[in-house]
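Here's the letter readout for the chains.
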Amino acid sequence: MNVSIYRGTVVYAAEKERLAAFSGANIVVEDGFVKNVLKQVPEEYAGLTVKDFGDALIIPAFSDLHIHASQYAQRGVGMDKLLFEWLRDYTFPQEAKFADCRYAEKVYDALVKDLIRHGTFHASIFTTIHTEASDILFRKLAERGLYAYTGKVNMDCNAPDYLCEKTAESLRDTERFLLEHQGYATVKPILTPRFAPTCSEKLIKGLGKLAKKYACGVQTHLVESIAEAAWTKELFPDYSCETAIYEQAGLLDYGPSVFAHVIFPAREDITILRKSRSVSVHCPDATANITAGIMPAAALLKAELPVAVGTDIGAGPNPAVYRQIARAVQLSKLKAFFEPEGNEPISFAEAFYMATKAGGSIFDRVGSLEPGYRFNALVLDGLADDFSEMTPEEQLERFCYAGDDRNIIARYLDGREISP
Ligand code: GUN
Ligand code: FE
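Below, the structure is looked at part by part. Because the structure is predicted, anything quoted here is derived from the model rather than measured.

**Remarks on the overall build of the protein chain**
When helices and strands are counted, the protein chain shows 13 helices and 17 strands. Its C-alpha atoms give the protein chain principal-axis dimensions of roughly 65 × 50 × 40 Å. Long-range pairs, those at least 24 residues apart, make up 76% of the contacts in the protein chain between residues at least 6 apart in sequence. Of the roughly 16,600 Å² of accessible surface on the protein chain, 49% is carried by carbon and sulfur atoms.

Structure (structure tokens):
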């Protein structure tokens, strides 16, 4: 057995209401899993060297459940547009470039490095409609051992000609992608219909059959703007709500279902999301930038829906999930201020929980540092001032608001130290 011990201030969120913090703690890692967090090193390990990080924080690595890998190349651009104009003017032309695998190689390489740099080791990622380029991302994630779901995008209507698939071809390419990416340890394929307006009913039903055949989950965007929700209603008049489109196709039955944004859910959406244990993903920067809405995060948490955090690169400009933790708190306060009915601010602990353990729940034992979890962890330093005392919780909050990747002095994935 391979045992390592790390000493520092261990902070994680085992439950959404509060952070657990242990100063001067020894975290015992056996074969890549947390065995225990202890004040004293047990007698049986007396001969081992302890890697001592002093007062530094040791926290779980982040989970980003909504990223568009291709849009890494356009992050921070076109941010004065709303969703449909942003798609037309920036995003669709950008995504078309991924027909060229050499281009995909460069962008995906940079993205994967940046995820590691910012401590995102668990992610759910869209690519583009292109199967070959999607394979490049899949292999890069697998080579680095990151925990990820990723899928090629489907869209067969209401998209520009240069990016619009034929329904049968879209299903055939998706099946090929699923078949070619079975059996990887940490990366798994996921069905990725872009959003309801760019998918025909026939396509969504076809994806439902693939979900069953390959026991596969789904990721998409859900009720993300008033215009999108209204358009979807017009295109799918026979469904009680947007989530029902995916539910009735059998897309919520086999793997994780991951829905980005969930800003304007109807009561029926919430009922289906709860029943299917689907994860709603809060991407605060992105929705402020291009969909001009704020997820009712406190209300969804109160309805006992799993809620995670996403950067939504490139509608969100920043690959740092920790910054989205801060934004989630900020925007919940604005929402509660402008729409007090049914909305409340969320706490820092809730937002941190969403970005670590809740997002990690679609993978296997990641997102916390409780015993039994994988030692997927970050070590953070340089967050306290020498002129005042700060609690570990305060230092973690400061990291999310004012820190950056320079504060991350070590990164562990399955107990192995990694670097970008
Ligand atoms: N809705 C449809 N496509 C997209 C996209 O690429 N990003 C976001 N944020 N919303 C979308
Ligand atoms: Fe998105």
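Back to the write-up after that little detour.
**Some details on the side chain of Thr 186**
Within the element layout of this structure, Thr 186 appears in the loop between helix H4 (167-180) and strand S9 (187-189). In terms of polar contacts, Thr 186 uses its side chain to reach the backbone carbonyl oxygen of Leu 146, at 2.8 Å. Among residues more than four places away in sequence, those in contact with Thr 186 are Gly 145, Leu 146, Tyr 147 and Ala 148.

**A closer look at the site of ligand 1**
Residues in contact with ligand 1 amount to 13 residues; listed here are only the nearest, His 68, Gln 71, Arg 194, Glu 224 and Asp 312. In this structure, an oxygen atom belonging to ligand 1 sits 2.9 Å away from a side-chain N or O atom of Gln 71. Within the contact set of ligand 1, an oxygen atom lies 2.7 Å away from a side-chain nitrogen or oxygen of Arg 194. In the complex, the protein chains occlude 100% of the 280 Å² of accessible area that ligand 1 would expose alone. Taking a 2 Å distance to the grid points as the criterion, the majority of the atoms of ligand 1 fall inside the largest cavity. Considering every element that reaches the shell around ligand 1, the biggest residue donor is helix H1 (residues 83-96), with three residues. Across the shell around ligand 1, the residue classes tally to six nonpolar, four polar and three charged.

**Some words on the nonpolar core**
Residues Phe 62 and Leu 251 are the most contacted members of the largest nonpolar core, which totals 120 residues. With eight residues, helix H12 (residues 348-360) is the single largest residue contributor to this core. Membership of the second largest hydrophobic core comes to 17 residues, among which are Tyr 12, Ile 27, Phe 53 and Tyr 412.

**Quick look at empty space enclosed by the protein**
Gaps between atoms show up when a probe of the same size as a water molecule is rolled over them. In this structure the tally under the stated criterion is two cavities of 30 Å³ or more. There is about 90 Å³ of room inside the largest cavity. In terms of lining, the largest cavity is formed by 13 residues, of which the most central are Leu 83, Trp 86, Leu 87, His 221 and Glu 224. Sorting elements by how many residues they give to the lining of the largest cavity places H1 first, with three residues. A class-by-class count of the residues in the lining of the largest cavity yields six nonpolar, four polar and three charged. What the second largest cavity holds in volume is close to 30 Å³. In this structure, the second largest cavity is lined by Met 295, Pro 296, Ala 297, Ala 298, Ser 332, Lys 335, Asn 343 and Glu 344. Of all the secondary structure elements, the ones that give two or more residues to the lining of the second largest cavity are helix H10 (297-302) and helix H11 (321-338).

**Description of the coordination of the iron ion (ligand 2)**
At the metal site, the iron ion (ligand 2) is ligated by His 66 (NE2), His 68 (NE2), His 221 (NE2) and Asp 312 (OD), and these contacts range over 2.1 to 2.4 Å. Coordination at the iron ion (ligand 2) comes from four donor atoms whose angles at the metal span 88 to 178°, giving a geometry best classed as irregular. Here the donor residues of the iron ion (ligand 2) share one chain and are spaced in sequence as H-x1-H-x152-H-x90-D. Of the two residues, His 68 sits in strand S5 (residues 62-68) while His 221 sits in strand S11 (residues 218-222), which places them 153 residues apart along the sequence. On the basis of relative accessible area, His 221 is assigned to the buried category, the value being 6%.

**Observations concerning the sheet that holds strand S14 (residues 307-309)**
Strand order in this open sheet of four strands is S11-S12-S13-S14, and the pairing throughout is parallel. A single partner strand is all that each edge strand has here, and the edge strands are S11 and S14. Each strand of the sheet is rotated relative to its neighbour by a mean of 30°, with strand direction disregarded. Where S11 and strand S12 (residues 257-261) come together, five bridges link them in parallel fashion. Residue Leu 222 lies in a different strand from S12, and its bridge partner there is His 261. Running at roughly 95° to S14, H12 makes contact with strand S13 (279-282) and S14 of the sheet.

**Some remarks on the layout of surface pockets**
The calculated volume of the largest pocket comes to roughly 240 Å³. Around the largest pocket, the lining comprises 17 residues; the ones closest to its centre are Pro 306, Tyr 353, Lys 357, Ala 358 and Ser 361. Looking at the lining of the largest pocket, its residues break down into 10 nonpolar, two polar and five charged.

**Remarks on the pattern of salt bridges**
For the structure shown, the criterion picks out 26 salt bridges. For Lys 275, the salt bridge is made with Glu 247, and the minimal N-O distance between the two is 3.3 Å. In this pair, Lys 275 is assigned in helix H8 (residues 267-275) and Glu 247 in helix H7 (residues 242-248), connecting sequence segments 28 residues apart. The class for Lys 275 is exposed, based on a relative accessible area of 62%. For Glu 247, a relative accessible area of 25% puts it in the partly exposed group. Beyond isolated ion pairs, a larger network of salt bridges with shared partners links Glu 105, Asp 109, Lys 113 and Lys 140.

Conventions used here
- Residues numbered from 1 in each chain as written.
- Chains lettered and ligands numbered in written order.
- Predicted model: local features only at pLDDT ≥ 70, side-chain atom pairs only at ≥ 80, totals over all residues.
- Heavy atoms only, no water.
- Helix = DSSP H or I, 4+ residues; strand = E, 2+ residues; numbered from the N terminus.
- Contact = heavy atoms within 4.5 Å.
- Areas by Shrake-Rupley, 256 points an atom, 1.4 Å probe, with all protein chains shown as cover.
- Polar contact = N/O pair within 3.5 Å; in protein donor to acceptor, adjacent residues only side chain to side chain.
- Near = heavy atom within 4 Å.
- 1 Å grid on protein atoms, 1.4 Å probe; cavity = no way out; pocket = protein on both sides within 12 Å on 5 of 7 lines; lining within 4 Å.
- Sits in = over half its atoms within 2 Å of the grid points.
- Nonpolar A, V, L, I, M, F, W, Y, C, P; charged D, E, K, R; others polar.
- Core = buried A, V, L, I, M, F, W, Y, C linked by side-chain atoms within 4.5 Å.
- Buried < 20%, exposed > 50% of the residue type's maximum accessible area, 1.4 Å probe, protein only.
- Points joined across faces, edges and corners; volume = space filled by probe spheres on them.
- Donors = N, O, S within 2.8 Å, 3.2 Å for Na, K, Ca; no water.
- Tetrahedral: all angles 85-135°; square planar, octahedral: opposite > 155°, others 65-115°.
- Pairing = 2+ DSSP bridges.
- Axes fitted to C-alpha atoms, helices over the stretch in contact; angles between N-to-C directions.
- Salt bridge = Lys/Arg side-chain N within 4 Å of Asp/Glu carboxyl O.

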